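One-letter residues, chain by chain:
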Amino acid sequence: MDFENITPGASTPANWIESRNPAHWTEVIGRFPLSDASAVDAAVCAARAAYDSWRLTPAPRRAEVLYRAAERLSRDKEEFAQLMTREMGKVLIEARGDVQEGVDMLYFIAGEGRRLCGETVPSELMSKFAMSVRAPVGVCALVTPWNFPLAIPSWKIAPALVAGNTVVFKPAEDTPAVAHRFAQLLIDCGLPPGVLNVVHGDGSTGALIVNHPGIDLVSFTGSTDVGRLVAHACAESNKRLSLEMGGKNAIIVMEDADLSLAVDGAVWGAFGTSGQRCTAASRLIVHESVYKPFTDMLAARASALRVGDGLDEDSQVGPVINSAQLDRIHDYTQIGLADGAKLLCGGERVSKGSLADGWFYSPTVFADVAPGMRIAQEEIFGPTTCIIPATSLDNALEIANGVRYGLSSAIYTQNVNIAFRAMRDLSTGIVYVNASTIGAEVHLPFGGTRATGNGHREGGHVLDVFTEWKSLYIDFSGTLQRAQIDA
Ligand code: NAD
């Protein structure tokens, strides 16, 4: 099926991109117009033309569109989830969760349309009023990855729009169908033409957008390497920029942990979404006194996971996104072995029977991993996790913080003093106590430190990304009053 171009003014495409099912690569989900430079230009111009009337639309009215979209997405949740599993591979219960996150975000941000709170503060001068308000930034380029094909776009599109910005949205080239349907749903719920524009393509299309002079703000989620390129482009042209990038997240398991709960958290964190989450638990830092029982329990659980097509309700681990990612994951297995880590289970492609034309990889656990090994330092983005022994809390914290990323971390302990030390000293944007590294809620700030981000947060504080603060002073004294002089 060919999907229509939904950018006003874009001409009929010369080229198309195909979306395929990673569980059955021969199945084509759809064809999408590949956006060349003129299509990108048309999208930016459409967004610019729509900006003034959208920014002047009262925020509660803008929010009503998002509220209607939340209602409709909730109604169509199963249809979106099925499409997502076919396009991206994650198992159905997780695909439903991804769609639900979009619903939650739309409701949450729709509520913000009646707040968009600024501040009033006293002036230092007589008969003078002072306040600050949030103003929209302009035309926003939103560039997203494939691992949360609906949730991540919703984290960006909803707050950008409620704040009065207009949008050029480029979803990942691996998941155009879910993104396209989501954008169409928002438009059908009442967005005026040009307020939300979609362009399709890979990194070269992304580069055309972030370099376009008509863009005021870029919000990017993806790998740290690409994020750095985007940062360079934005620095050249003074664009406002929010980056959400890679992770190498750790769960610490202390000697007093509830081991069975910790194993549940490790399995969910490491193998949920086939390990393709920015918050995936790809390191398990385990106190030496519980290292052996934890390792045995985890290996047994990982080996028993059912790998299969995500549409099959029995599957627990779906395919990975494409063949390049499968090769990359397998390369890391070889690197781990070469570096001397002990492979406990997995480490191979799964291609038996009906899985032969999909990109499946077995849940993989390495033990006796040293903190400096590449598999313990680099983001693999697949169903691979490493168990690293630790001698003490200090040692565990040092290992956990000893990577370049700072997205999510977790600790399992029954000791309140240990829990509070970890919350203070883990240098990640998100810390969980007695819960896994994955499972963010939309109304809390989401993002990371160091190579994971550039200081911004999505979720709870996301309006700080999509608005400029504007300070307003109203002098009703009728005289010249000079700040800092006429005290
Ligand atoms: P990616 O960096 O390859 O691509 C992300 C997006 O950027 C895609 O839409 C891609 O087409 C586009 N792109 C590629 N090159 C570009 C360029 N030069 N200029 C502009 N855009 C360009 O990432 P991916 O493989 O799609 O996603 C996986 C990565 O995303 C992982 O590193 C993961 O940790 C990260 N991620 C981070 C978060 C977070 O919130 N921190 C959430 C999800 C995923």
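Please read these numbers as outputs of a predicted model, since none were measured by experiment. (Residues numbered from 1 in each chain as written. Predicted model: local features only at pLDDT ≥ 70, side-chain atom pairs only at ≥ 80, totals over all residues. Heavy atoms only, no water.)

Draft legend 1. Molecular detail of unusual backbone geometry. One non-glycine residue, N238, adopts positive backbone phi at about 55 degrees. Its identity as a non-glycine residue notwithstanding, D368 has a phi of 55 degrees, on the positive side. Examined against the element boundaries, D368 turns out to sit in the loop between β15 (364–367) and α12 (374–377). (Helix = DSSP H or I, 4+ residues; strand = E, 2+ residues; numbered from the N terminus.)

Draft legend 2. Region of interest: the site of the ligand. Of all residues adjacent to the ligand, which total 30 residues, the nearest are T144, E173, S223, M245 and E379. A distance of 2.7 Å is found between an oxygen atom of the ligand and a side-chain nitrogen or oxygen belonging to E173. In this structure, an oxygen atom belonging to the ligand sits 2.7 Å away from a side-chain N or O atom of S223. Calculation on the ligand without its partners gives an accessible area of 850 Å², and the protein chains cover 89% of this total. The set of elements that each furnish at least two residues to the shell around the ligand consists of α7 (203–210), β8 (217–221) and α8 (224–236). Its residues assigned to classes, the shell around the ligand comprises 16 nonpolar, 9 polar and 5 charged. When residues of the shell around the ligand are sorted by domain, at least three fall in each of domain 1 (16–245 + 453–472) and domain 2 (249–433). (Near = heavy atom within 4 Å. Polar contact = N/O pair within 3.5 Å; in protein donor to acceptor, adjacent residues only side chain to side chain. Areas by Shrake-Rupley, 256 points an atom, 1.4 Å probe, with all protein chains shown as cover. Nonpolar A, V, L, I, M, F, W, Y, C, P; charged D, E, K, R; others polar. Domains from an automatic or database assignment.)

Draft legend 3. Summary view of the domain arrangement of the chain. Looking at the chain, the domain boundaries give domain 1 (16–245 + 453–472) and domain 2 (249–433). Each partner contributes to the interface: domain 1 provides 25 residues, whereas domain 2 provides 27 residues. One can count 2 salt bridges joining domain 1 with domain 2. A salt bridge links R96 to E313; the nearest nitrogen and oxygen atoms lie 3.1 Å apart. Our count for the contact surface shared by domain 1 and domain 2 stands at 11 residue pairs in polar contact (both at pLDDT 80 or more). Of all the secondary-structure elements, those providing two or more residues to the side of domain 1 that touches domain 2 are β2 (24–33), α3 (77–88), α4 (92–112) and α8. Ranked by residues supplied to the side of domain 1 that touches domain 2, first place goes to α3 with 5 residues. (Contact = heavy atoms within 4.5 Å. Salt bridge = Lys/Arg side-chain N within 4 Å of Asp/Glu carboxyl O.)

Draft legend 4. Just the pairing of strand β18 (residues 408–412), in detail. Of all 5 residues in β18, 5 are buried; the element is thus mostly enclosed. Along β18, one buried face is formed by S408, A410 and Y412 and the opposite face, lined by S409 and I411, is buried too. In this sheet, β18 lies alongside strand β10 (residues 249–253) in parallel orientation, the contact comprising 4 bridges. Paired with V253 across the bridge in β18 is Y412. Sheet topology places β18 next to strand β19 (residues 430–433); 4 bridges connect them, and they run parallel. Counted as the bridge partner of S408 is I430 from β19. (Buried < 20%, exposed > 50% of the residue type's maximum accessible area, 1.4 Å probe, protein only. Pairing = 2+ DSSP bridges.)

Draft legend 5. Structural context of the sheet that holds strand β5 (residues 139–143). Taking strand neighbours across the sheet as the criterion, the 5 strands line up as β7-β6-β5-β8-β9 in an open arrangement whose pairing is parallel. The sheet is open, and its two edges are formed by β7 (196–198) and β9 (240–244), each paired on a single side. Mean inter-strand twist for the sheet, computed between neighbouring axes without regard to direction, equals 15 degrees. The pairing of β5 with β8 spans 4 bridges and is parallel. Looking across to β8, one finds that V143 is bridged to F220. (Axes fitted to C-alpha atoms, helices over the stretch in contact; angles between N-to-C directions.)

Draft legend 6. A nonpolar patch on the surface, seen in detail. Taken together, the side chains of V416, F420, M423 and V433 define a hydrophobic patch exposed on the protein surface, amounting to about 360 Å² of accessible area. Per-element tally for the nonpolar patch: the top contributor is helix α14 (residues 416–425), with 3 residues. Tracing the backbone through its elements, the reader meets F420 in helix α14. Residue F420 is classed as exposed on the basis of its relative accessible area, which comes to 54%. (Patch = residues over 30% accessible without salt bridge, like charges linked within 9 Å, V, L, I, M, F, W, Y side chains within 5 Å.)

Draft legend 7. Quick look at the pattern of salt bridges. Inspection of every chain in the model, using the stated rule, returns 24 salt bridges. Members of the salt-bridge network, linked through shared partners, are D394, R421, R424 and D425.

Draft legend 8. Up close: the pairing of β8. Of all the 5 residues making up β8, 5 are buried; the element is thus mostly covered by neighbouring parts of the structure. With burial as the criterion, each face of β8 is covered, one bearing L217, S219 and T221 and the other bearing V218 and F220. Remark: the β8/α8/β9 crossover connection has right-handed handedness. (Right-handed = clockwise from strand over helix to strand, strands pointing away.)

Draft legend 9. Main features of the packing of aromatic side chains. Counted by the stated rule, this structure contains 4 aromatic pairs. Aromatic side chains Y67 and Y107 sit 5.3 Å apart centroid to centroid with 65 degrees between the ring planes, which places their arrangement in the edge-to-face category. Residue Y67 is located in helix α2 (residues 59–75), and its partner Y107 is located in helix α4; the two are separated by 40 residues in the primary sequence. Y67 gets classed as partly exposed once you look at its relative accessible area, which sits at 43%. Ring geometry for W146 and F381: centres 5.5 Å apart, planes at 75 degrees, overall edge-to-face. Residue W146 is located in the loop between β5 and α5 (151–162), and its partner F381 is located in the loop between α12 and β16 (384–390); the two are separated by 235 residues in the primary sequence. Considered together, W146 and F381 belong to a single accessibility category, that of buried residues. (Phe/Tyr/Trp six-rings, centres within 6.5 Å; stacked < 30°, edge-to-face > 60°.)

Draft legend 10. Representation of the environment of V286 within the structure. Its location among the elements puts V286 in strand β11 (residues 281–287). Its relative accessible area of 0% is what places V286 among the buried residues. Put simply, V286 and Q484 are 198 residues apart on the chain and 58 Å apart in space, counted from C-alpha to C-alpha. Excluding residues within four positions of it along the chain, V286 makes contact with V253, Y291, F294, I387, I388, P389 and A390.

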